[in-house]
Amino acid sequence: MSLIQPGELLPLIPVSTDTPAEQAATLRGAGPVSGSVHSWDLSTGVDGPGTRFVVFVAGCPLACLYCHNPDTMRMRNGRRTTADKVVEEVNKYVPFIRASGGGFTISGGEPLLQPDFTGEILRLCHRELGLHTALDTSGFLGARASDTLLADVDLVLLDIKSWDRELYLRLTGRQLEPTLAFARRLADLRKEVWVRFVLVPGLTDATENVEGVASFAGSLGNVTRVDVLPFHKLGTAKWEELGMEFTLADTPVPTSAQVARARSVFTSYGLNAV
């Protein structure tokens, strides 16, 4: 049974119109804050500095053609839990995380689809556990991230999937502009950002497309790293299990030379590309 097709526009959950202070008061007085979590894991290197405890929330407003975790696209594919229970699990690994100079990362899916839940987890990890925190996001729902939420974020991992607007829409089913607006807001807040760019041969690898992302990232002043991520097909089996068509099944993975060329473009704009 098909759950979602690439390019399908997903309904968005209404966002609260309360001020950040009102939201915080609600969180403190309404009991445990709950949300939908797909899974969690420990990782090193790609989800922020050091060894990270990474929580993958369920649900995403995008339907990326190259998504390697299509099982996180729907919120109903996760399990309901509370922020307190998530942080209890994180706390088990705190000595190991601190020893490695690591921290906590919330990913997905899209964490900002559940801003109250995400904000409470970040608050607890940052203020009570004292961990370095990272938010992994496409930026499409950046308007849902209150300044209060962002105050508990040390690093934003921002996916900029394409500079070409038509290609971005084809790749994700959504518009690019909200991501750019969020990136500018993070720059105004002087919040550290790592940009992530997936290199897909025949799609995102055009020189003008890479240069567009690089020029924009280089203009912000708060981007300390760019991860050029080679397209891969490790999630193919998940697409098949979900009864979804993986339309990039015949797309080749980039060569090391192609990846090096893309990195050199970002480097030419004064960015640290890895």
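Remember, predicted model here, so these are calculated numbers, not experimental data.

*Asks:* Whenever I open this one, the packing of aromatic side chains confuses me. Can you help?
*Replies:* How two aromatic rings sit relative to each other is given by the distance of their centres and the angle of their planes. For the structure shown, the criterion picks out five aromatic pairs. Their ring planes at 40 degrees and their centres at 5.3 Å tell us that Trp 239 and Phe 246 sit as a pair that is tilted. Accessibility classification places Trp 239 together with Phe 246 in one group, the buried group. The structure contains a cluster of three or more aromatic residues connected by ring pairs, namely Trp 40, Phe 53 and Tyr 93. The lysine or arginine in question, Arg 225, covers the ring of Trp 194, its NZ or CZ lying 4.1 Å from the ring centre.

*Asks:* Even after reading the chapter, I still don't get unusual backbone geometry, so can you show me in this structure?
*Replies:* A negative phi holds for most residues other than glycine; trans holds for most peptide bonds. Omega for the bond connecting Gly 108 with Gly 109 falls within 30 degrees of zero, at 15 degrees, which places this linkage in the cis form. Along the polypeptide, Gly 109 turns up in the loop between strand 4 (103-107) and helix 4 (115-128). Its identity as a non-glycine residue notwithstanding, Arg 190 has a phi of 60 degrees, on the positive side. Its place among the elements puts Arg 190 in the loop between helix 7 (177-188) and strand 7 (192-199).

*Asks:* Explain the layout of surface pockets here, please?
*Replies:* One simple way to see leftover space: roll a probe sized like a water molecule over the atoms. Looking at the largest pocket, its volume works out to about 770 Å³. Residue lining of the largest pocket: 28 residues in total, with His 68, Asn 69, Asp 136, Asp 159 and Arg 196 positioned closest to the centre. For the lining of the largest pocket, the secondary structure elements donating two or more residues are strand 5 (132-137), strand 7 and strand 8 (223-230). Looking at the lining of the largest pocket, the element that brings in the most residues is strand 7, giving three residues. Split by residue class, the lining of the largest pocket holds 13 nonpolar, nine polar and six charged.

*Asks:* Looking at this structure, I do not really get a negative patch on the surface. What am I missing?
*Replies:* Together, Asp 164, Glu 166, Glu 208 and Glu 211 give the surface a local cluster of negative charge. Secondary-structure assignment places Glu 208 in helix 8 (residues 207-220). Glu 208 gets classed as exposed once you look at its relative accessible area, which sits at 60%.

About the criteria used
- Residues numbered from 1 in each chain as written.
- Predicted model: local features only at pLDDT ≥ 70, side-chain atom pairs only at ≥ 80, totals over all residues.
- Heavy atoms only, no water.
- Phe/Tyr/Trp six-rings, centres within 6.5 Å; stacked < 30°, edge-to-face > 60°.
- Buried < 20%, exposed > 50% of the residue type's maximum accessible area, 1.4 Å probe, protein only.
- Lys NZ or Arg CZ within 6 Å of the ring centre and 35° of its normal.
- Helix = DSSP H or I, 4+ residues; strand = E, 2+ residues; numbered from the N terminus.
- 1 Å grid on protein atoms, 1.4 Å probe; cavity = no way out; pocket = protein on both sides within 12 Å on 5 of 7 lines; lining within 4 Å.
- Points joined across faces, edges and corners; volume = space filled by probe spheres on them.
- Nonpolar A, V, L, I, M, F, W, Y, C, P; charged D, E, K, R; others polar.
- Patch = residues over 30% accessible without salt bridge, like charges linked within 9 Å, V, L, I, M, F, W, Y side chains within 5 Å.
- Areas by Shrake-Rupley, 256 points an atom, 1.4 Å probe, with all protein chains shown as cover.
- Salt bridge = Lys/Arg side-chain N within 4 Å of Asp/Glu carboxyl O.
- Lys, Arg positive; Asp, Glu negative; His and termini not counted.
- Charge placed at Lys NZ, Arg CZ, Asp CG, Glu CD.

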